[in-house]
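Below, each chain spelled out in residue letters.
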Amino acid sequence: TQFADGAWRSAFDPQLLPSPIVTVLLSDDETLWIGTDAGLASWDQDAETLTSVDSFDGATIEALVLGPKNRLWVGTRANGVWVEQEDGRWARHQFNRADATSFPGSGVAAYGLAVDRLHEGIWALVANGGLAYWDSQGWHDGDPYNKLPSGLLYRVYTDELDGSVWVGTEAGVA
């Protein structure tokens, strides 16, 4: 549903989405990305077309960010983190015991991704697992010295001016 010209209107039938339960939205210049509790869709605002992204069928989308090189990053509840590649294919970051730089959990918390534009990285709130950082080489512990005031993390935010990261926890902001 969109508010334009003083009125609410539906741009498309919500039954065309992977699920009518919308969990997160993100817009760039041409596309509105729509995360649901059962997948991901994109709305081309110029062509007025809705497309479901097959790679995410059944996945609960928790977070969407436009990361370094303007690539879409998708955080799911239990299917890892995905990034759109330059050729349009999707690369999945998921936990692998044999790889210390793999994503350190099964998924991300709600709104659990933030872009570090200064260093071209991604911060992630790992579902039930703390804070992680992607530096283009791999995933690393975002709080290696356990200095956050709590292990229960709710939001992550990066300041585009100085690159500082802010984390909202059950015990305040750090």
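Figured I'd write up the structure that's included with this text. Within each chain, residue numbers correspond to sequence positions counted from 1 in written order. pLDDT decides what is reported in this predicted model: residues at 70 or higher carry local features, side-chain atom pairs at 80 or more are listed and counted, and totals for whole chains, interfaces and linings draw on all residues regardless. Water and hydrogen atoms play no part in the side-chain values, which are based on all heavy atoms of the structure.

Let's talk about a nonpolar patch on the surface
Argument step 1. A surface patch of nonpolar side chains, amounting to about 360 Å² of accessible area, comprises Tyr-157, Trp-166 and Val-173.
Argument step 2. Note on placement: Trp-166 falls in strand S16 (residues 165-169). For patch detection, residues must exceed 30% relative accessible area and be free of salt bridges, and they are connected within 9 Å for like charges or within 5 Å for nonpolar side chains (Val, Leu, Ile, Met, Phe, Trp, Tyr). All accessible-area figures derive from a Shrake-Rupley calculation using a 1.4 Å probe, and residue coverage is judged against the displayed protein chains alone. Any Lys or Arg side-chain nitrogen found within 4 Å of a carboxyl oxygen on Asp or Glu counts as a salt bridge. Each helix corresponds to a stretch of at least 4 residues labelled H or I by DSSP, and each strand to a stretch of at least 2 residues labelled E; elements are numbered beginning at the N terminus.

Topic: the layout of surface pockets
Argument step 1. A 1.4 Å probe that fits into a set of points on a 1 Å grid over the protein atoms alone but cannot get out defines a cavity; an open set with protein on both sides within 12 Å along at least five of seven lines defines a pocket, and lining residues are those with an atom within 4 Å of a point. Grid points are joined across faces, edges and corners, and a volume is the space filled by probe spheres set on the points. When its volume is computed, the largest pocket comes out at roughly 390 Å³.
Argument step 2. If you go around the largest pocket, you meet 16 residues; those closest to its centre are Thr-1, Gln-2, Ala-11, Phe-12 and Leu-32.
Argument step 3. The set of elements that each furnish at least two residues to the lining of the largest pocket consists of strand S3 (22-27) and strand S4 (31-36).
Argument step 4. Considering only residue class, the lining of the largest pocket consists of 10 nonpolar, four polar and two charged. Following the grouping adopted for this structure description, the nonpolar residues are Ala, Val, Leu, Ile, Met, Phe, Trp, Tyr, Cys and Pro, the charged ones are Asp, Glu, Lys and Arg, and the polar ones are all others, Gly among them.

With respect to the environment of Ala-98
Argument step 1. Inspection of the secondary structure puts Ala-98 in the loop between strand S10 (90-93) and strand S11 (108-116).
Argument step 2. Burial classification: accessible surface area is computed with a 1.4 Å probe over protein chains only, and a residue below 20% of its type maximum counts as buried, one above 50% as exposed, and the rest as partly exposed. We classify Ala-98 as exposed; its relative accessible area is 75%.

Focus on the packing of aromatic side chains
Argument step 1. Two rings belonging to Phe, Tyr or Trp (six-membered ring only in the last case) form a pair when the distance between their centres is within 6.5 Å. Interplanar angles under 30 degrees mark stacking, angles over 60 mark edge-to-face geometry, and anything in between is tilted. Counting across every chain of the model gives nine aromatic pairs.
Argument step 2. Ring geometry for Trp-123 versus Tyr-133: centroids 4.5 Å apart, planes at 55°, classification tilted. Here Trp-123 is found in strand S12 (residues 121-126), whereas its partner Tyr-133 is found in strand S13 (residues 130-134), with 10 residues between them in sequence. For the pair formed by Trp-123 and Tyr-133, the shared burial category is buried.

Regarding the side chain of Asp-116
Argument step 1. Its place among the elements puts Asp-116 in strand S11.
Argument step 2. Buried and unpaired, Asp-116 has Arg-117 as its nearest opposite-charge partner, separated by 8.6 Å.
Argument step 3. Pairs of N or O atoms are called polar contacts if they sit within 3.5 Å, as long as, within protein, a hydrogen donor faces a hydrogen acceptor (for residues adjacent in sequence, only side-chain-to-side-chain pairs). For Asp-116, the side chain forms a polar contact with the main-chain nitrogen of Leu-118, separated by 3.3 Å.
Argument step 4. Apart from residues lying up to four places away in sequence, Asp-116 is in contact with Gly-121, Trp-123, Tyr-133, Thr-158 and Gly-163. By the counting scheme adopted, Arg and Lys are positive, Glu and Asp are negative, and His together with the chain ends is not counted. Any two residues whose heavy atoms approach within 4.5 Å at even a single point are treated as in contact.

Some remarks on the sheet that holds strand S9 (residues 81-84)
Argument step 1. Two strands form a pair only when DSSP identifies at least two bridges running between them. Here four strands make up an open sheet; going across it, the order is S7-S8-S9-S10 and the pairing antiparallel. The open sheet terminates on both sides in strands that have one partner only, identified here as strand S7 (61-66) and S10. On average, adjacent strands in this sheet sit at an angle of 20° to one another, irrespective of strand direction.
Argument step 2. Here S7 runs beside strand S8 (residues 72-76); their pairing, made up of five bridges, is antiparallel. Bridge pairing in S8 links Leu-66 to Leu-72. Angles run from 0 to 180 degrees between N-to-C directions of axes, and those axes are lines fitted to C-alpha atoms, restricted for helices to the stretch in contact.

Function cannot be inferred from these measures alone, as they are strictly geometric.
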